Amino acid sequence: EAEAHEARGRYFRYEVKHPTIAQMADHFRERKIGFVVFTVDLERKHLEVEGRRRYIETILERIATGVVSIDSTGAVSTLNRAAMRLLDLAPSVVGQPASEVFEREDLQPFGALLRKAATGKVEPSAQEVALMRDDREFQLAAVATALRGTEGSDGLVLVVDDFTALSQAQKTAAWREVARRLA
């Protein structure tokens, strides 16, 4: 029997160690501390991201250039004040399909620009668009760009700038030059 017990000990040598209550409490404390550190770090990162988001939103609201972003589903997701003013859009278009928003007759050139950008086959280039508002012509420059992420398309961004004053100044200068040559 002694030999059998010794043989079993050689082949089945393992010990089941049951942790003590103190060891379990230490282990639980370590896990709890790790969880608290993780939670604090996650909250800090969330605050950083939220701060960056507010910073970018503040910039977008303060610039004179219109910015419209379209998410990966094709819905308008961001629209700054300048874009609302330049394109005569209401804040309620956020969440609506861009294809519907830009099918309005005066906005169709922007819709075409967005569709072209969505293909991803063309480099972004500025396009001039003339709009009539209150019997006054506005000259806008627009660029649509596809936002590409690692998973494919993340959406589109349309940037619109009013260059009416510049265009009028160029026309005035051209007419002055014509008048000068005729004189």
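Remember, predicted model here, so these are calculated numbers, not experimental data. (Residues numbered from 1 in each chain as written. Predicted model: local features only at pLDDT ≥ 70, side-chain atom pairs only at ≥ 80, totals over all residues. Heavy atoms only, no water.)

**Student:** What should I look at first to understand the nonpolar core in this one?
**Tutor:** Nonpolar side chains tend to gather and get buried jointly when the protein is soluble and globular. One finds V68, L87, F102, F110, L158 and V160 to be the most contacted residues of the largest nonpolar core, which totals 27 residues. Listing elements by their share of this core, those giving two or more residues are β1 (66-70), β2 (76-79), α3 (81-87), α4 (98-101), α5 (108-119), β3 (127-133), β4 (136-149) and β5 (152-162). Beyond its immediate chain neighbours, meaning those up to four positions away, F110 contacts L87, F102, V129, L131, L140, A142, L158 and V160. (Core = buried A, V, L, I, M, F, W, Y, C linked by side-chain atoms within 4.5 Å. Buried < 20%, exposed > 50% of the residue type's maximum accessible area, 1.4 Å probe, protein only. Helix = DSSP H or I, 4+ residues; strand = E, 2+ residues; numbered from the N terminus. Contact = heavy atoms within 4.5 Å.)

**Student:** Can you help me understand a nonpolar patch on the surface in this one?
**Tutor:** Taken together, the side chains of F35, V36, F38, V40 and L42 define a hydrophobic patch exposed on the protein surface, amounting to about 520 Å² of accessible area. Secondary-structure assignment places V40 in helix α2 (residues 21-62). The class for V40 is exposed, based on a relative accessible area of 54%. (Patch = residues over 30% accessible without salt bridge, like charges linked within 9 Å, V, L, I, M, F, W, Y side chains within 5 Å. Areas by Shrake-Rupley, 256 points an atom, 1.4 Å probe, with all protein chains shown as cover. Salt bridge = Lys/Arg side-chain N within 4 Å of Asp/Glu carboxyl O.)

**Student:** Looking at this model, I keep getting lost on the layout of surface pockets. Mind explaining?
**Tutor:** A water-sized probe rolled over the atoms picks out the places where empty space is left. Counted as a void, the largest pocket has a volume near 240 Å³. Lining the largest pocket are 16 residues, and of these I70, A98, L114, A118 and L156 lie nearest its centre. Looking at the lining of the largest pocket, the elements with two or more residues in it are α4, α5 and β5. The element best represented in the lining of the largest pocket is α5, accounting for four residues. Its residues assigned to classes, the lining of the largest pocket shows seven nonpolar, six polar and three charged. (1 Å grid on protein atoms, 1.4 Å probe; cavity = no way out; pocket = protein on both sides within 12 Å on 5 of 7 lines; lining within 4 Å. Points joined across faces, edges and corners; volume = space filled by probe spheres on them. Nonpolar A, V, L, I, M, F, W, Y, C, P; charged D, E, K, R; others polar.)

None of this, on its own, says anything about what the molecule does.
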